[in-house]
Amino acid sequence: MKITHVEFVKSVAGLDQLPTDRLNEVAFAGRSNVGKSSLINCILNRKKMAKTSSTPGKTRHLNYFLINNKYYFVDLPGYGYAKVSKSEKEHWQRLIGQYLLSSENLKGVVSIIDVRHGASVLDMQLLEWLKEIKRPVCLVATKTDKLSKSALLNQLKKLTRELTPLIAREIIPFSSVNGMGKKMLMREILTFLEQ
Ligand SMILES: Nc1nc2c(ncn2[C@@H]2O[C@H](COP(=O)(O)OP(=O)(O)OP(=O)(O)O)[C@@H](O)[C@H]2O)c(=O)[nH]1
Ligand SMILES: [Mg+2]
């Protein structure tokens, strides 16, 4: 897909504020600071469309980006940031949980982990739950630029062994820094959006 137009549409803090135009959408989920917003910018070829930061917890709402006036990419707030209050964690669970469970326009979820750290308990819980509710998932292991070639190969083998029972597709190695995996990921996303 050639990206011709990208537009930030809205930041959603409650499910009553979701867009009503029924465009197909894909959501990007992962731990706080894993690189969700950077990944979105990378695949859209835009430097600062989704706000990125070295401080975890930057994305607090569901951020909707309109792509080619046809689809939405939804940048979800990260989970698992230790310094977030209990009530905020509960808010996240309710908001994102309800959204992932009930959105009719959501055609797939891009679940993002850090290739170096693998899947945390929270990542596994999310993957298990998405499987249970039958949401199509594509798992991306990002920040591959931080590992040497051989360390990356070993780590991908290990992750594939651990996570294969939870995912239907191959893990996509990705880097927002050098663009690794960009094409493969866009192909998967299009498969979701075109269903
Ligand atoms: N080396 C490297 N750094 C990355 C990559 N992706 C993201 N980063 C860095 O990781 C940090 C967090 O990136 P974000 O894209 O803001 O992460 P996020 O998941 O959107 O974070 P929250 O919105 O806070 O949940 C930033 O300092 C990025 O520059 C990558 O592929 N490689
Ligand atoms: Mg973010």
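Source: prediction; values computed, not measured. (Residues numbered from 1 in each chain as written. Chains lettered and ligands numbered in written order. Predicted model: local features only at pLDDT ≥ 70, side-chain atom pairs only at ≥ 80, totals over all residues.)

Ordered in space as β1-β3-β4-β2-β5-β6-β7, the 7 strands form an open sheet in which the pairing is mixed. Among the strands making up the open sheet, the edge pair consists of β1 (6-12) and β7 (172-173). Where strand β6 (residues 137-142) meets β7, 2 bridges bridge the pair, whose relative direction is parallel. Across the sheet, Val140 pairs through a bridge with Ile172, a residue of β7. The sheet contacts of helix α5 (residues 182-193) involve β2 (25-30), β4 (71-75), β5 (106-114), β6 and β7, and relative to β5 the element is tilted by about 155°. (Pairing = 2+ DSSP bridges. Helix = DSSP H or I, 4+ residues; strand = E, 2+ residues; numbered from the N terminus. Contact = placed C-beta atoms within 7 Å. Axes fitted to C-alpha atoms, helices over the stretch in contact; angles between N-to-C directions.)

The biggest cluster of nonpolar side chains holds 40 residues, and the ones touching the most others in it are Phe28 and Val140. Where this core is concerned, the elements lending two or more residues are β2, α1 (36-44), β3 (62-67), β4, β5, α3 (121-132), β6 and α5. Contacts of Val140, omitting those with residues within four sequence positions, involve Leu39, Val110, Ser111, Ile112, Ile172, Phe174, Gly181 and Leu185. (Core = buried A, V, L, I, M, F, W, Y, C linked by C-beta atoms within 7 Å. Buried ≥ 20, exposed ≤ 12 C-beta atoms within 10 Å, placed from the backbone.)

Okay, the environment of Ala29 next. Tracing the backbone shows Ala29 in strand β2. On the neighbour-count criterion, Ala29 (23 C-beta atoms within 10 Å) is buried. Apart from the residues lying within four places of it in its own chain, the contact partners of Ala29 are Leu76, Val109, Ser111, Ile112 and Leu126.

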